[in-house]
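# Tertiary structure, described
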Amino acid sequence: MPSYAGPPVASRPGEVTSTLRLLAYLALAIALIVLDHRGGWLHQLRDQASVITQPLWWLAGLPGRLGTRMQDDAVSRSRLMEENRELRNDLLIANARLTRLQTAATDNTQLRALLGAAESRGLDVQLAPILNIDLDPTRQRLVLDAGGSDGARVGQAVIDAGGLMGQIIRTTPAHSTVLLLTDPDHAVPVMIARNGVRLIAYGRGRGDLLELADIPLNSGVAVGDLLVTSGLGGRFPAGFPVGTVAALRTDDSHAFLIGDVKPAAQLDRGRNVLLLKSRERGTGNGEWEDVPSKPEGGETNGSAPEGSAGPQAPVADSRPAAEEPAP
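Reading guide: rules and limits
- Residues numbered from 1 in each chain as written.
- Predicted model: local features only at pLDDT ≥ 70, side-chain atom pairs only at ≥ 80, totals over all residues.
- Heavy atoms only, no water.
- 1 Å grid on protein atoms, 1.4 Å probe; cavity = no way out; pocket = protein on both sides within 12 Å on 5 of 7 lines; lining within 4 Å.
- Points joined across faces, edges and corners; volume = space filled by probe spheres on them.
- Nonpolar A, V, L, I, M, F, W, Y, C, P; charged D, E, K, R; others polar.
- pLDDT = per-residue confidence, 0-100.
- Contact = heavy atoms within 4.5 Å.
- Salt bridge = Lys/Arg side-chain N within 4 Å of Asp/Glu carboxyl O.
- Buried < 20%, exposed > 50% of the residue type's maximum accessible area, 1.4 Å probe, protein only.
- Patch = residues over 30% accessible without salt bridge, like charges linked within 9 Å, V, L, I, M, F, W, Y side chains within 5 Å.
- Areas by Shrake-Rupley, 256 points an atom, 1.4 Å probe, with all protein chains shown as cover.
- Helix = DSSP H or I, 4+ residues; strand = E, 2+ residues; numbered from the N terminus.
- Core = buried A, V, L, I, M, F, W, Y, C linked by side-chain atoms within 4.5 Å.
- Pairing = 2+ DSSP bridges.
- Axes fitted to C-alpha atoms, helices over the stretch in contact; angles between N-to-C directions.
- Polar contact = N/O pair within 3.5 Å; in protein donor to acceptor, adjacent residues only side chain to side chain.

The next subject is the layout of surface pockets. Volume-wise, the second largest pocket comes out at about 200 Å³. Lining the second largest pocket we find Gly 207, Asp 208, Lys 262, Pro 263, Ala 264, Ala 265, Gln 266, Leu 267, Asp 268 and Arg 269. For the lining of the second largest pocket, the per-class residue count stands at four nonpolar, two polar and four charged.

The next subject is the confidence of the model for the protein. Low pLDDT means the predicted atomic positions in that stretch should not be read closely. Looking at the protein as a whole, its pLDDT mean stands at 76, while 75% of the residues score no less than 70. Segment residues 280-327 is flagged for pLDDT under 50; beyond a separation of four residues in sequence, or across chains, it makes 89 contacts in the model.

On to the pattern of salt bridges. Following the criterion strictly, the structure yields eight salt bridges and no others. The salt bridge involving Glu 211 is made with Arg 204; its shortest N-O contact spans 2.9 Å. Taking the relative accessible area as the measure of exposure, Arg 204 reaches 39% and is therefore partly exposed. Overlapping salt bridges, with partners in common, bring together Arg 204, Glu 211, Arg 249 and Asp 260 in one network.

Our focus in this paragraph is a nonpolar patch on the surface. Taken together, the side chains of Val 16, Leu 20, Leu 22, Leu 23 and Leu 26 make up a nonpolar region of the molecular surface, amounting to roughly 470 Å² of accessible area. The topology assignment puts Leu 22 in helix α1 (residues 13-39).

A separate point is unusual backbone geometry. For Asp 214, which is not glycine, the phi dihedral falls at a positive 55°. Relative to the assigned elements, Asp 214 resides in strand β8 (residues 210-216). With a relative accessible area of 45%, Asp 214 lands in the partly exposed category. Of note, His 254 is a non-glycine position whose phi angle comes to about 60°, a positive value. If you trace the backbone, His 254 turns up in the loop between β10 (241-250) and β11 (256-263). For His 254, a relative accessible area of 56% gives the class exposed.

Glancing now at the nonpolar core. Membership of the largest hydrophobic core comes to 24 residues, with the highest contact counts inside it found for Leu 164, Val 188, Val 190, Leu 199, Leu 212, Leu 227 and Val 242. Broken down by secondary-structure element, the contributors of at least two residues to this core are β3 (157-159), β6 (187-192), β7 (198-203), β8, β10, β11 and β12 (272-276). Dropping the residues within four chain positions of it, Val 242 is found in contact with Leu 164, Leu 181, Val 188, Val 190, Leu 210, Leu 227, Val 228, Thr 229, Lys 262, Pro 263 and Ala 264. With 14 residues, the next largest nonpolar core counts Leu 144, Met 165, Leu 180 and Leu 275 among its residues.

Attention shifts here to the environment of Val 242. The topology assignment puts Val 242 in strand β10. Here Val 242 falls in the buried class, since its relative accessible area comes to 0%. It is 9.7 Å that separates the C-alpha atoms of Val 242 and Gly 166, two residues lying 76 residues apart in sequence.

Our next topic: the pairing of β12. Of all five residues that make up β12, five are buried, and the element is covered over most of its length. Side-chain alternation along β12 places Asn 272, Leu 274 and Leu 276 on one buried face and Val 273 and Leu 275 on a second face that is also buried.

Below, the discussion takes up the sheet that holds β6. Reading around the barrel, the six strands line up as β6-β7-β8-β11-β10-β9 and close back on themselves, with antiparallel pairing between neighbours. The mean angle between the axes of side-by-side strands here comes to 40°, regardless of whether they run parallel or antiparallel. In this sheet, β8 lies alongside β7 in antiparallel orientation, the contact comprising three bridges. Looking at β8, one finds that Ala 201 is bridged to Leu 212.

Right, let's get into the side chain of Gln 126. Take Gln 126: it is sitting in strand β1 (residues 125-136). At a separation of 2.9 Å, a polar atom in the side chain of Gln 126 contacts the main-chain carbonyl oxygen of Asp 150. Look past the residues within four positions of Gln 126 in its chain and what remains in contact with it is Ala 146, Asp 150, Gly 151, Ala 152, Val 273, Leu 274, Leu 275 and Lys 277.

Written as structure tokens, this is what we have:
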């Protein structure tokens with residue numbers, strides 16, 4: 001034995017036992033592997049063990065799944081908010097366009113009605129846009145975007161598709177002011193279309209009401225009768241609708257009737273009106289011809305001669321006197 005070699009180490013009993021135990025385990029493992037490979041008798045055992053350990057695997061993967069879901073939810077929420085904002089903006093734009101189209105359709109319908117009324121009556125008219133409106137109880141007036149330079153004249157009658165609206169009382173080169181039928185300072189000679197009874201309709205400061213005063217009890221006026229211009233006084237041509245009798249009542253003296261009239265024209269609606277560019281003049285033989293009206297700025301009262309075959313040529317009557325007896 002070399003001199004440098006130490007004394008032999010005796011084997012410990014515990015190490016031998018451990019080695020034998022390891023060899024026994026290895027042999028048992030090999031035997032189980034061979035038996036399982038050939039017979040498959042451990043397959044059911046593995047399936048049951050997998051079922052038992054499945055909740056453990058689920059709990060182990062829960063934090064990761066929660067993190068992924070929260071991230072996806074945050075991305076989805078931000079994407080949905082952005083899409084919602086875009087859709088809301090698109091909806092606002094679409095609603096604005098739809099409103100504009102509806103307004104354009106309404107204006108188109110009103111223009112068609114105006115032009116249809118002018119064509120059906122064979123009138124020489126001028127279309128004038130409404131620039132401003134004043135419906136104060138003491139001032140029922142319109143401002144038109146058409147003035148003296150456009151052919152508008154003081155005393156010119158203003159109509160719409162429904163009927164008479166009023167008359168021009170003031171003009172400037174660019175604009176003109178219209179006194180509506182419902183103005184407290186306005187009165188218009190009318191007649192009942194059904195029986196020809198002549199009356200005067202007064203404005204009362206309400207956009208939906210005219211008033212007939214001093215109606216004889218035996219005149220035969222009834223609710224629902226249509227009122228048209230009579231042509232008396234010369235301001236308005238005859239035959240234009242003014243309104244419909246809505247109600248009748250006796251006055252304080254019980255000697256006359258007072259009638260409420262619903263205007264035929266849409267005084268509080270529309271964006272355009274028609275200006276009559278010519279008026280009718282009776283020829284004395286039952287025929288009619290159109291003649292240009294003269295510019296009139298003063299206030300004079302006139303009435304048609306009893307012997308004429310129809311209404312006379314217009315005479316300025318921008319504010320008929322309230323005390324004038326009804327024709």
